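Chain by chain, the residues:
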Amino acid sequence: MEELDCEPAVTWIPGVNSKKKQMCFDWGPGEMLLCETSFNKTDKSEKVPSCPFIYIIRKDVDVYSQILRKLFNESHGIFVGLQRLEEELSGKSRKAQLVRVSKNYRSVIRACMEEMHQVAIAAKDPASGRQFSSQVSILSAMELIWNLCEILFIEVAPAGPLLLHLLDWVRLHVCEVDSLSADVLGSDHPSKHESFWNLVTVLVLQGRLDEARQMLSKEADASPSSAGMCRVLGDLMRTMPILSPGNTQTLTELELKWQHWREECERHLQDNTFAANPHLESLCKIMLGDEATLLEQKELMSNWYHFLVTRLLYSNPTVKPTDLHLYAQSSLDMFLGGESSPEPLDNILMAAFEFDIHQVIKECSIALSNWWFVAHLTDLLDHCRLLQSHNLYLWQLGVDYFDYCPELGRVSLELHIERIPLNTEQKALKVLRICEQRQMTEQVGSICKILAMKAVRNNRLGSALSWSIRAKDAAFATLVSDRFLRDYCERGCFSDLDLIDNLGPAMMLSDRLTFLGKYREFHRLYGEKRFGDAASLLLSLMTSQIAPRSFWMTLLTDALPLLEQKQVIFSAEQTYELMRCLEDLASRRPECGEPDAQRLQDDDIETTKVEMLRLALARNLARAIIREGSLEGS
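All values reported here derive from a predicted model rather than from experimental measurement. (Residues numbered from 1 in each chain as written. Predicted model: local features only at pLDDT ≥ 70, side-chain atom pairs only at ≥ 80, totals over all residues. Heavy atoms only, no water.)

Draft legend 1. Here's a closer look at the confidence of the model for the protein chain. Looking at the protein chain, pLDDT values average 79 and 80% of them are 70 or higher. The low-confidence segment residues 1-6 (pLDDT under 50) makes 25 contacts with residues lying over four places distant or belonging to another chain. (pLDDT = per-residue confidence, 0-100. Contact = heavy atoms within 4.5 Å.)

See below:
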């Protein structure tokens with residue numbers, strides 16, 4: 001197993017002193033019987049009768065709750081029906097039935113939770129109210145976990161629909177917005193209500209943009225000075241591309257539309273469209289996925305998984321299931337900010353995002369107050385064929401045994417790890433965690449390389465790059481960076497922008513990865529209209545030899561819009577450098593293994609590009625010389 005189970009909690013019995021009185025105990029179904037022995041020792045070592053007391057300690061109090069008994073009884077019918085599920089059913093029909101069974105279980109949990117909530121409100125004494133409220137919290141956590149497991153393990157939602165499911169998950173479990181909405185809309189002047197902007201912000205954070213637009217229309221009616229800004233932001237909300245159910249557009253089409261929409265949002269922000277209204281400007285930043293702005297709304301989101309889903313909605317709406325754990329872990333770290341440690345619920349949800357079913361079941365067994373949840377969820381997952389007899393993770397049992405072998409345990413564990421087939425990424429992640437916990441650096445690197453290679457074969461470049469960085473494999477990082485650049489040349493845009501924008505020190509792993517990060521920075525500077533900085537960076541990429549020669553023509557082509565600007569961007573000296581690079585590229589003889597050079601001489605399109613660049617460079621040089629001469633003369 002991956003971790004040692006927690007020690008059981010110590011139960012203190014009032015009035016019992018085991019140093020003075022001898023105690024005996026015995027377990028019963030759901031409770032423990034504790035009693036004093038009949039004799040005690042005196043100073044004269046004589047045994048004299050003692051007054052016996054009997055204590056009954058209830059361990060599983062849930063079985064005594066009338067409401068929870070309804071949960072147990074009603075779920076029994078669902079359980080029996082699941083056992084009778086026709087085994088010959090397969091494919092979509094079987095999956096649909098299993099999803100329906102899962103939703104039935106959740107429906108029973110929610111009904112029980114709502115009834116318990118009403119009882120908690122009606123409780124006559126504070127102690128009972130607290131007890132019932134505690135049960136409501138437990139039931140809510142159970143339904144939250146079950147719902148996430150349904151999305152990831154049973155529904156197996158792919159990229160695109162996955163985010164829609166996660167949005168529904170957050171909206172269902174972070175429901176304070178409904179009472180807030182009723183409070184604001186019930187007032188005489190909603191736009192003047194003290195919680196108006198909190199309501200609009202929460203609606204945007206949950207992706208409920210139609211409702212947010214309706215609220216903005218009230219602000220526009222009440223404040224003519226803000227009407228224009230509200231209309232512009234409302235249009236941005238209306239036109240945000242989302243992959244809706246039944247939509248036939250591909251993920252690539254969605255990504256392109258989303259990128260164009262995001263550029264429109266950035267343009268309005270840079271043009272200070274919303275500068276006169278800080279609330280509207282903050283909403284625009286949220287829609288751009290600005291992490292600092294999102295973190296400023298921690299109180300409105302209340303938990304890290306809400307932050308995670310909002311962050312994905314506005315930064316990577318087509319996130320792949322296998323990349324979820326990367327975003328989940330970073331979102332948890334960012335949200336907590338080192339101020340607190342993860343709670344048991346956080347650990348369970350994180351294990352689910354890592355697709356570690358075994359760890360989910362184990363953490364639930366430790367954290368929850370009864371076995372109903374674990375038993376029924378495990379049974380359902382088994383019917384989904386996720387816990388087959390040959391897939392019971394028995395290899396994990398051996399890890400703990402090797403840990404306690406003082407002499408050859410470490411070596412044996414390394415050999416054991418090497419023989420574990422990494423036939424799924426989820427299994428590989430579990431093996432990786434075992435190795436990281438034991439500082440098995442070589443094995444960690446090997447596993448990361450395997451995962452990176454699999455990701456490349458499946459054309460998941462973002463995942464491949466993150467694994468190669470984690471493995472500190474410079475050669476493979478270079479290979480993946482080349483694939484990113486080739487993909488850019490074919491599509492005209494970068495995929496996995498969030499990953500590239502946040503490379504940080506990892507950028508220095510290889511020259512090609514450095515170039516990839518810097519080239520993305522060039523596009524960002526150009527998008528921010530910082531043309532001077534963009535030009536200097538572009539030129540340094542070529543003259544420092546960081547850029548691969550096969551990419552020089554792309555860089556020179558990127559320089560064209562800067563050369564055609566009204567103001568002179570490139571100085572005369574910089575223009576001479578660009579001319580030298582162009583002529584060096586154009587005159588270089590084709591060599592074996594360099595098809596780009598061959599295409600440069602043979603392809604008419606490339607020849608046309610060269611002539612256009614020469615003309616643009618010559619015009620820019622003339623403008624630069626005149627401008628610099630004028631400055632010297634003055």
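Draft legend 2. Focus on the environment of Thr 273. Mapped onto the elements of the fold, Thr 273 is located in the loop between helix H9 (251-270) and helix H10 (278-287). Overall, Thr 273 belongs to the partly exposed group, its relative accessible area being 24%. Measuring from C-alpha to C-alpha, the distance between Thr 273 and Val 232 comes to 8.5 Å, with 41 residues separating the pair along the chain. Discounting residues that sit within four places of it in the chain, Thr 273 has contacts with Met 229, Val 232 and His 268. (Helix = DSSP H or I, 4+ residues; strand = E, 2+ residues; numbered from the N terminus. Buried < 20%, exposed > 50% of the residue type's maximum accessible area, 1.4 Å probe, protein only.)

Draft legend 3. The pattern of salt bridges, seen in detail. For the structure shown, the criterion picks out 19 salt bridges. A salt bridge links Arg 208 to Glu 211, with the nearest nitrogen and oxygen atoms 2.9 Å apart. In this structure, the salt-bridge partner of Asp 210 is Arg 213, at a minimum N-O distance of 3.5 Å. Of this pair, Asp 210 and Arg 213 both sit in helix H7 (residues 209-222), separated by three residues, roughly a single helical turn. Note on Asp 210: relative accessible area 51%, which makes it exposed. (Salt bridge = Lys/Arg side-chain N within 4 Å of Asp/Glu carboxyl O.)

Draft legend 4. Layout of unusual backbone geometry. Phi is positive for Val 156, close to 50°, though the residue is something other than glycine. Structurally, Val 156 is set in the loop between helix H3 (126-154) and helix H4 (161-173). The phi angle at Gln 439 is positive, at roughly 55°, despite the residue not being glycine. Within the secondary structure, Gln 439 is located in the loop between helix H20 (425-437) and helix H21 (441-457). The exposure class assigned to Gln 439 is exposed, which follows from its relative accessible area of 58%.

Draft legend 5. Representation of the packing of H4 against helix H13 (residues 304-315) in the model. Relative to each other, H4 and H13 sit at 145°, their axes nearing to 10 Å. Crossing of H4 against H13: the hand is left-handed. Within the contact between the two elements, H4 uses Leu 163, Leu 166, Leu 167, Trp 169 and Val 170 and H13 uses Tyr 305, His 306, Val 309, Leu 312 and Leu 313. The residue inventory of the contact of H4 with H13, partitioned by class, reads nine nonpolar, one polar and no charged. (Axes fitted to C-alpha atoms, helices over the stretch in contact; angles between N-to-C directions. Left-handed = near helix turned anticlockwise from the far one by under 90°. Nonpolar A, V, L, I, M, F, W, Y, C, P; charged D, E, K, R; others polar.)

Draft legend 6. Highlighting helix H25 (residues 511-527). Between its first and last C-alpha atoms H25 spans 24 Å; for 17 residues at 1.5 Å apiece the expected length is 24 Å, and the two agree. Among the residues trailing H25, Lys 529 stands out with phi positive, at a value near 65°. (Expected span 1.5 Å × (residues − 1).)

Draft legend 7. Up close: the packing of aromatic side chains. Scanning the model with the defined rule gives 11 aromatic pairs in all. Between the aromatic rings of Tyr 105 and Trp 146, the centroid separation amounts to 5.0 Å while the plane-to-plane angle is 45°, which identifies the pairing as tilted. In this pair, Tyr 105 is assigned in helix H2 (residues 91-122) and Trp 146 in helix H3, connecting sequence segments 41 residues apart. According to the relative accessible area criterion, Tyr 105 is buried, its value standing at 0%. On the basis of relative accessible area, Trp 146 is assigned to the buried category, the value being 0%. Ring plane angle 75° and centroid distance 6.1 Å describe the contact between Trp 169 and Phe 353, whose orientation is recorded as edge-to-face. (Phe/Tyr/Trp six-rings, centres within 6.5 Å; stacked < 30°, edge-to-face > 60°.)

Draft legend 8. Geometry of the nonpolar core. Ranked by internal contacts, the top residues of the largest apolar core, which has 105 residues, are Leu 152, Trp 169, Leu 233, Trp 304, Phe 353 and Phe 373. Looking at which element gives the most residues to this core, the answer is H3, with 12 residues. Excluding residues that lie within four positions of it along the chain, Phe 373 makes contacts with Met 142, Ile 145, Trp 146, Cys 364 and Leu 368. Core analysis: the next-biggest nonpolar cluster, separate from the first, contains 64 residues, Leu 429, Cys 435, Met 553 and Phe 570 among them. (Core = buried A, V, L, I, M, F, W, Y, C linked by side-chain atoms within 4.5 Å.)

Draft legend 9. Examining the packing of H9 against H10 more closely. Look at H9 against H10: their axes get within 10 Å of each other, and the N-to-C directions meet at 150°. Judged on the interaxial angle alone, H10 and H9 are roughly antiparallel. Considering the relative orientation of H9 and H10, their crossing is left-handed. Contact with H9, carried on its side by Trp 261, Cys 265 and Leu 269, involves Glu 281, Cys 284, Lys 285 and Met 287 of H10 and no other residues of that element. Classifying every residue of the contact of H9 with H10 by side-chain character gives five nonpolar, no polar and two charged. (Parallel < 35°, antiparallel > 145°, perpendicular 65-115°, else oblique.)

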